[in-house]
Amino acid sequence: MSVKYPTILDRTKSTLIDTILLIACMYIFTDILTNFSTIPNWVKVTLFVSLLMYEPICTTFGATIGNHKNNIRVRKISDTSKRLNIFQSIIRYFFKLIFGWFSFITIFMNPKSRSIHDLISGSVMIKID
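On a predicted model such as this, the values are computed, not experimentally measured, just so you know.

1. Examining empty space enclosed by the protein
Then step 1. One pass over the structure, following the stated rule, counts 1 cavity of 30 Å³ or more.
Then step 2. Taken as a whole, the largest cavity holds about 90 Å³ of empty space.
Then step 3. Lining the largest cavity we find 14 residues, and of these Ser14, Thr15, Asn67, Lys96 and Met125 sit closest to its centre.
Then step 4. At the level of secondary structure, the elements contributing two or more residues to the lining of the largest cavity comprise α1 (8-33), β1 (72-76) and α5 (86-99).
Then step 5. Per-class residue counts for the lining of the largest cavity are 4 nonpolar, 5 polar and 5 charged.

2. A few points about the layout of surface pockets
Then step 1. Empty space within the largest pocket amounts to approximately 430 Å³.
Then step 2. What lines the largest pocket is a set of 18 residues, among which Thr19, Leu22, Glu55, Tyr93 and Leu97 lie closest to the centre.
Then step 3. Every element with two or more residues in the lining of the largest pocket is listed here: α1, α2 (41-52), α3 (54-61) and α5.
Then step 4. Broken down by element, the residue count for the lining of the largest pocket peaks at 6 residues, all from α1.

3. Quick look at the pairing of strand β2 (residues 123-127)
Then step 1. With respect to burial, β2 is a largely interior element, 4 of its 5 residues being buried.
Then step 2. As paired strands, β1 and β2 are joined by 5 bridges and run antiparallel to one another. Residue pairing for β2: Ile72 is matched across the bridge by Lys127.

4. Overview of a nonpolar patch on the surface
Then step 1. Judged by side-chain polarity, Val45, Phe48, Val49, Leu52 and Leu97 come together as a nonpolar surface patch covering roughly 450 Å² of accessible area.
Then step 2. Looking at the nonpolar patch, the element that brings in the most residues is α2, giving 4 residues.
Then step 3. You can see Leu97 is positioned in helix α5.

5. Description of the packing of α1 against α2
Then step 1. The interhelical angle for the contact between α1 and α2, taken along N-to-C directions, is 170°, at an axis separation of 11 Å. Our classification of the angle between α1 and α2 gives roughly antiparallel. On the side of α1, the interface is formed by Leu22, Cys25, Met26, Phe29 and Leu33, while α2 contributes Val43, Leu47, Ser50 and Leu51.
Then step 2. In terms of residue class, the contact of α1 with α2 is made up of 8 nonpolar, 1 polar and no charged.

Conventions used here
Residues numbered from 1 in each chain as written. Predicted model: local features only at pLDDT ≥ 70, side-chain atom pairs only at ≥ 80, totals over all residues. Heavy atoms only, no water. 1 Å grid on protein atoms, 1.4 Å probe; cavity = no way out; pocket = protein on both sides within 12 Å on 5 of 7 lines; lining within 4 Å. Points joined across faces, edges and corners; volume = space filled by probe spheres on them. Helix = DSSP H or I, 4+ residues; strand = E, 2+ residues; numbered from the N terminus. Nonpolar A, V, L, I, M, F, W, Y, C, P; charged D, E, K, R; others polar. Buried < 20%, exposed > 50% of the residue type's maximum accessible area, 1.4 Å probe, protein only. Pairing = 2+ DSSP bridges. Patch = residues over 30% accessible without salt bridge, like charges linked within 9 Å, V, L, I, M, F, W, Y side chains within 5 Å. Areas by Shrake-Rupley, 256 points an atom, 1.4 Å probe, with all protein chains shown as cover. Salt bridge = Lys/Arg side-chain N within 4 Å of Asp/Glu carboxyl O. Axes fitted to C-alpha atoms, helices over the stretch in contact; angles between N-to-C directions. Parallel < 35°, antiparallel > 145°, perpendicular 65-115°, else oblique. Contact = heavy atoms within 4.5 Å.

In structure tokens, the structure reads:
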């Protein structure tokens, strides 16, 4: 069985879907919270952390909604049948945020289409059928 790698377009569409979802959630959370006069800080922190941890948690348990819709998954480079653990997912997401779109440029220079955040975290994105 040969491993297929997603195109830059697949990855961009996936990121766009996840970004739209997160923006929609931010809007909904803000709209709900404005209906209350006092909101405990722990509620605000919980909502913020849930948005921040969306990608690492979804990656650990399978795929983000954007990944799922585009039939791509994040896997360990050492064994593409294994998912990342939560630590690897957080590292990957941290460096994805740090490098931003610049990270995608390295996809063109890598035979397995790995970006900087994939190289650092020991991950690879694969296309599934």
